[in-house]
Structure formats: structure tokens, C-alpha cells
Amino acid sequence: MATTQFDRIYSGLSPEVGKLRLASSGMAWKGEENETVKAIPAEEIKWAQWFRVARNFQLRVGLKDRRRETFDGFVREDHDKLAGVLKQHFGVTLEIKDVTFKGWNWGVTDIQGQDLAFLVSNKTAFELPLKQVANSNIAGRTEVSLEFVPSSSGGKKPSRNAPDEMVEIRFYVPGTHTKLRGSDVGSQKSDAEEEDGEEVSAAQAFHDAIKDKAEIGQVSGDLVLSFEEVLVLTPRGRYDVDMFLDFLRLRGKTYDYKILYSSISRLFLLPKDDQHVLFILGLSTPIRQGQTRYQYLVMQFAREEETTAELNISEEEITKYDRLKKNYEDPTFEVVSGVFRALSKKKIIGAGTFQSRDGHPGIKANLKAVQGDLFMLEKYIFFVSKQPTLVELSDIHQCVFSRVGASMGASAARTFDLKIVTKSGPEYTFTSINKEEHEPVETFLKDKKVKIKNEMVPDVDMMMAAGGGDSDEEMQSVASSGDERPKPRVGGDEDDSEEDEDFEASSSDAGSPSESDSASDGGVTASDASGDRELAKAAKNGKKKLTKKKAKAQAKGSDAEDEPKKKPAKPKAKSKPKKDDENDAMDVDEEKPKPRPKPKPKVKEGGDNDGPAKKKQKTSP
């Protein structure tokens, strides 16, 4: 019996290389690494096709049960040899199928056996194996999203040499079902739907056809237990949870998910408050909704809700699982958690021994702009929110307690921040935690031997008092010059007399004739005196304040200094300083006619100045 062998051939989508042998009895493929054998009897072979694929050329063999097997890796020169062998042993003609290389993204979909073909100009552009479709979702009204099961989802670590895999593809399917142009998708349902007069969108028809052909809704086993209308917080919505022996299905209005128990990494059962309980599934392979990935499924149950359930499983099968019962009549969260624990063979992580000031196992906190509950567990710190975050205690480098923005107000001083620095790199800062929770959290972390750094400001009240003192000083120094505010707080009547003397000395230096007016009128106020005193003292220290004083004294005298003093009094003026300002303003109003003619009377008022004026009149003729 003659045997023909082809080397370096791939079977299906497997990355393993093997050998393909053909004989009159049939054909068989054997892998080189795992020595997996795939045999096809001669009587099962119905047709054969030759395709151009990514891994050179492909031999596609059709079987009687409408299945087909594919073998990749042939070179172009193998075509004639392979065609002769198939014709000789099996009486099958090797048909050449053309593949389009136009690169168009608009075409026709056709379900061919177990594959979904995308055709452009009646030529195959690409094909998708429906066996690998994990979920089919309608993203919007006209888009259908297909998600595929990664080859590494079985719990095994992917190989370093593993190729890239496509995990999602979207189809734009416009129109209604009756206008589904050039597609066989949903064609079996079209007659019945047209008779009933129903009209659905083309995207919905395509979605339903994929679910039927890809066996997303069908199962390989019997349904063990089903829970209806379960409230799922992440991703948000109500889903029907169907539990099977190897996997579970989440069926919602828009999205359907098939989750293997082997992809569940952790189970949490945590009390949210006195009325609700959270049951959380941690997934090693996140589920997807568009571009959003969800690594945790958060279910919420009412404490008082009870469920009576009977598992659709034999007594012999029940004995294979740990603590699984045939009948349940318990609160709903206990039934769900118990069945999940048995089927997934994972332990349930509880709340632990930590208690807040109010006796709850969790405390309120914010992570960035997301509010949630922070649970201190025995081995983890778990922040449960719309985006749950899990931190292992063994991965924590240190925890830093700090209080940010305490000087902003009393409300900020009632909270503190907890910054967690991990050994792996990421940092998490939980904010707006009640100040009363600081002691139990610190005690818990110390018991777990976590390195703690306390940056809590002990003198926050002192800082706030200092800030208030500054404001008081500003209020008390309203009537002062504003350059040295603390000094006017000591001023009194004796200082005023001394300030008048300083003013007389400075005015004599400036040569201002208005000192007699100001002294006789008695319009010098405490603010004027304090300002002059500060300027005089500043001059002794060698500062530039003397030049400012001289300029003001030469221009308007002591009354002109009231104007710059009123500017700092505008934002923080009290009722009492306002009355003093009004008195000052009245003095200014009475003396306003006097400063206006000052430039001219400078020559007339003084007795020494009248002499030269009269001499000018005598000598003029």
C-alpha cells in the first residue's frame, strides 16, 4: 500500500507542526511535539479544496457529517502531487478556491458549515471559525461585535512563542431584516418572520444567527441551576445567571457572556451595609464590553431575600463536589456563593476581623474621583466600586497617612488620605477617609506588619490659628500704612504726640507751609500719626520710605497720606474702622480747599516770603 507523506504541516489552528500521510484507507496527521494523532477514514471524505492562506496553502477536507478539517503549510509545488493522490485514493477532485486580495471592508457574510465567510466579489476575503466565538453582542443599533476565546483561557500560561490572536471583530450591518442584502444570515428565519409581519434590524438578525450557529446559547451539558434578574453592579445591569458544570452564562438584554469556571481566580463575599451583601468574582480573563474590560463581576443581593432551589444534578455527581447540596432553602447570597464555591473549586474570601468605628468591615473612601468601600481583609486591601481595585498585603511596600488641604477649612481637617505604595510599582491614594477611622486602620496595618509612615500634620489647629491671626492683624492695621502692620497694634495717645513731633521735623525738612494749618485745625488723626511715625522710623533704618514721605509731604502734606492708607482698608474693613475713616474723610473735605491753592500761596503765606514780593513791586517802576 503506497503512502504519501507531507512534512511541516499544521492541523487546524494549532501552532504545532506535524506530518500528514495519505493512503487508500484514509489520511492521518501526527504532531511532532505532543504526538497528537488526527485520523480521517477514506469513507468519510466527501470533497477537498485548495486555499491560499497565511501559512502558505491549505487543504480543506469536507466530511459526511458536514464537518471539515483543515491542514496548512503546503507549498505551491505540492498541488499537483496532492491532487493526484486524492483522485487516486478517494476519488475526490481537488477544487481551487480563489481568494480576493482587494482589501475591501464591504462585502457579504455567509455561514459555511462551521465557519463565517466574508465574501468580496464572490471571492473569500477571510473566514472565522464559529467554534471559537465566545460572545456575540450588539454594539449600538447597527454594529455586531464577535468576541473569541483565547487559546490560553484554559488556565495554562501562554507560551513565549505563541502567536498573536484576534480577540474581537465588529461588523457594521445596516438596514432591517428584509433588506439584509446578499447574506444567508438569518435566511431560515426570514420566511417565518415575514409571515408574522415582524421586522427586525439586520444587526439583530445577524446576531441571532451567530448565536445559533456558534452554539453560544447552546450548551454541552445540562443546566444545573439558574438565577433570574440578578443585580450586577459591574458591569451594570440585570442578568440571568445560568450555571453549568464547567461554565456559567450571563444573559442580559444587550450582552451575553460565557465564563469558564477555570477563569475564576477569586471569590469574595463582603457585606456592603446592613441590608445588602456583595458577591464578587475575580476573573483571570476579563470580559469585554467594547473597549472596556471588566476583571471583576460584582453582584449585589439583599440579606433578607431567600431562595428555594433544587440542583439538576444526580446524587453521584454531587458527591464529587465539596459542600454541594441537592436542595437549598437559604438566603439567596448563600445559595449563589455556595454553588459557585463548589463548581469553581475556589475558596470564598470573607470580610475578616477588621471593624471600623461603626462596626462595619469596610470604610468609605475615594480613589481618584470614584467613591466606594475600602475593605481590610486578611491578605488583601480591596476597594469595591465601579472599578474594583485589589492590593495584596504582601505586595505593599509602605502605607503613608497624610492630610491634604487641612488649611483649606475645618471640613478637610476631619478626613485623611491613605497612600499605598506597592513593591510592584503602582501607587494608590485613597482620599476623604473619616478621621475617626485612622486609629483602627493604623492598628490593622501594624498587626499585619506593614510599614507605616505618618505624615499627618499634628499642628493643623496652630496653622489655622496662624492664618486667622494674620487676618486679625490685617483688620487691626486697616488704619496703618500697610508697610509694617504689627507695629500700630501698640500705638496710643503718647505715641500720637510723639508722631506729631516727628511730623513737624519732617515737614520742616520738606519746607511745607501746611504744618501750621494742620496743627491749628487739629485734623491730624491716629492713622496720620501712625503712618508718619512708621515713615520716620523707616528713615532711621535706611529704607526708601523717606523718599516716599518727602514726595507726599511736598505734594499734599500730611492729609495726602490718607489716600494710600484707604486702599488696604477696602477688602477687609470692619464697622469700627469705617467710622474712623469717615471722620478722616470729613477732615479731608474741610481741608480740600486749602491744598488746592497750595502751589500759589507757597510764595504768599510765609512772612519771609512777603518781603521779596514787596521789593519786587518797589523796583518794578
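Data block above holds the structure.
Here the structure is a predicted model, which is why all the values come from computation and not from measurement.

**A closer look at the overall build of the chain**
The secondary structure content of the chain amounts to 14 helices and 32 strands. Expressed as a percentage of its 621 residues, the buried residues of the chain come to 42%. Of all intrachain contacts in the chain linking residues separated by at least 6 positions in sequence, the fraction that spans at least 24 positions is 48%.

**A few points about the sheet that holds strand β31 (residues 427-434)**
A sheet is described by the order of its strands in space; here eight strands give the open sequence β28-β27-β26-β25-β31-β30-β29-β32, paired in mixed fashion. Of all the strands in the sheet, just β28 (389-392) and β32 (452-455) have a single pairing partner and so form its edges. Shown here is a sheet whose adjacent strand axes are inclined to one another by a mean of 25 degrees, direction ignored. Where strand β25 (residues 362-367) meets strand β26 (residues 370-376), six bridges bridge the pair, whose relative direction is antiparallel. Each residue of the ladder has a partner; that of Ala 365, found in β26, is Gly 372.

**Quick look at the packing of aromatic side chains**
For any two aromatic rings, the description comes down to two numbers: the centre-to-centre distance and the angle of the planes. Summed over all chains, the structure comprises 14 aromatic pairs. Judged by centre distance (5.0 Å) and plane angle (20 degrees), the ring pair of Trp 50 and Phe 57 falls under stacked. Looking at Trp 50, the relative accessible area reads 4%, which means it is buried. Note on Phe 279 and Phe 340: the rings are 5.4 Å apart at their centroids and 55 degrees apart in plane angle, and the pair reads as tilted. Residue Phe 279 is found in strand β20 (residues 276-289), and its partner Phe 340 is found in helix α5 (residues 332-344); the two are separated by 61 residues along the sequence. Over the ring of Phe 51 we find Arg 60, and its NZ or CZ is 4.1 Å from the ring centre. The lysine or arginine in question, Lys 81, covers the ring of Phe 6, its NZ or CZ lying 5.2 Å from the ring centre.

**What to know about the environment of Thr 389**
Along the chain, Thr 389 falls in strand β28. Of the residues examined, Thr 389 reaches a relative accessible area of 14% and is grouped as buried. Expressed as a C-alpha distance, the spacing of Thr 389 and Leu 374, which sit 15 residues apart in the sequence, is 9.4 Å. Among residues more than four places away in sequence, those in contact with Thr 389 are Leu 367, Ile 381, Phe 382, Phe 383 and Tyr 428. At 3.5 Å, the side chain of Thr 389 and the backbone oxygen of Gln 387 are in polar contact.

**Regarding the nonpolar core**
Counting 39 residues, the largest nonpolar core has Leu 281 and Phe 340 as the members making the most contacts within it. In terms of residue count, the dominant contributor to this core is α5 (seven residues). If you look at the next biggest cluster of nonpolar residues, it comprises 24 residues, including Phe 57, Leu 63, Phe 74 and Leu 94.

**Overview of the sheet that holds strand β9 (residues 108-112)**
Spatial strand order, β9-β10-β11: three strands in an open sheet with antiparallel pairing. The two strands at the open ends of the sheet, each matched to only one other strand, are β9 and β11 (123-129). Along the sheet, successive strands turn relative to each other by an average axial angle of 25 degrees, direction set aside.

**Considerations on the pairing of strand β2 (residues 17-23)**
Counting buried residues along β2, five of its seven residues qualify, which places the element largely inside the surrounding structure. Hairpin connection of strand β1 (residues 4-11) to β2: five residues between the antiparallel strands, including Gly 12 at a positive phi of 65 degrees. Relative to strand β3 (residues 26-31), β2 runs antiparallel, the two being bridged by six bridges. Along β3, the bridge assignment pairs Leu 20 with Trp 29. Taking the residues between adjacent antiparallel strands as the criterion, β2 and β3 are bridged by two residues.

**Considerations on a positive patch on the surface**
Together, Arg 236, Arg 238, Lys 272 and Lys 386 make up a region of like positive charge exposed at the surface. Residue position: Lys 272 is located in the loop between β19 (264-271) and β20.

**Regarding the pattern of salt bridges**
Pairs may arise between side chains of opposite charge once their charged atoms sit close together. On inspection of all chains with the given rule, the structure shows 23 salt bridges. With a closest N to O distance of 2.5 Å, Arg 60 and Glu 127 form a salt bridge. Highlighted residues: Arg 60 in strand β6 (residues 57-63) and Glu 127 in strand β11, separated in sequence by 67 residues. Ionic pairing is found between Glu 392 and Arg 266, a salt bridge with its closest N-O pair at 3.2 Å.

**Some words on α5**
Its 13 residues give α5 an end-to-end C-alpha distance of 18 Å, which sits within 8% of 18 Å, the value for a rise of 1.5 Å per residue. When α5 is considered as a whole, its buried residues turn out to be Thr 332, Phe 333, Val 335, Val 336, Ser 337, Gly 338, Val 339, Phe 340, Ala 342, Leu 343 and Ser 344. Note on α5: the residue one or two positions beyond its end, Lys 345, has a positive phi of about 60 degrees.

**Notes on the environment of Val 400**
Note that Val 400 resides in strand β29 (residues 396-402). Classification of Val 400 by relative accessible area gives buried; the value is 7%. Along the chain, Val 400 and Ile 452 lie 52 residues apart, while their C-alpha atoms are 6.0 Å from each other.

**Regarding the side chain of Glu 437**
With respect to the element layout, Glu 437 can be found in the loop between β31 and α6 (438-447). A distance of 3.2 Å separates the side chain of Glu 437 from the backbone nitrogen of Arg 357, its partner in a polar contact. Not counting the four nearest positions on each side in its chain, Glu 437 is found in contact with Ser 356, Arg 357, Ile 363 and Phe 416.

**Quick notes on the environment of Gly 237**
Inspection of the secondary structure assignment puts Gly 237 in strand β16 (residues 237-243). Taking the relative accessible area as the measure of exposure, Gly 237 reaches 22% and is therefore partly exposed. The spacing of Gly 237 and Gly 252 is 15 residues in sequence and 7.5 Å in space, taken between C-alpha atoms. If we skip the residues at most four places from it in the chain, Gly 237 touches Val 230, Leu 231 and Val 232.

Rules behind the numbers
- Residues numbered from 1 in each chain as written.
- Predicted model: local features only at pLDDT ≥ 70, side-chain atom pairs only at ≥ 80, totals over all residues.
- Heavy atoms only, no water.
- Helix = DSSP H or I, 4+ residues; strand = E, 2+ residues; numbered from the N terminus.
- Buried < 20%, exposed > 50% of the residue type's maximum accessible area, 1.4 Å probe, protein only.
- Contact = heavy atoms within 4.5 Å.
- Pairing = 2+ DSSP bridges.
- Axes fitted to C-alpha atoms, helices over the stretch in contact; angles between N-to-C directions.
- Phe/Tyr/Trp six-rings, centres within 6.5 Å; stacked < 30°, edge-to-face > 60°.
- Lys NZ or Arg CZ within 6 Å of the ring centre and 35° of its normal.
- Polar contact = N/O pair within 3.5 Å; in protein donor to acceptor, adjacent residues only side chain to side chain.
- Core = buried A, V, L, I, M, F, W, Y, C linked by side-chain atoms within 4.5 Å.
- Patch = residues over 30% accessible without salt bridge, like charges linked within 9 Å, V, L, I, M, F, W, Y side chains within 5 Å.
- Areas by Shrake-Rupley, 256 points an atom, 1.4 Å probe, with all protein chains shown as cover.
- Salt bridge = Lys/Arg side-chain N within 4 Å of Asp/Glu carboxyl O.
- Lys, Arg positive; Asp, Glu negative; His and termini not counted.
- Charge placed at Lys NZ, Arg CZ, Asp CG, Glu CD.
- Expected span 1.5 Å × (residues − 1).

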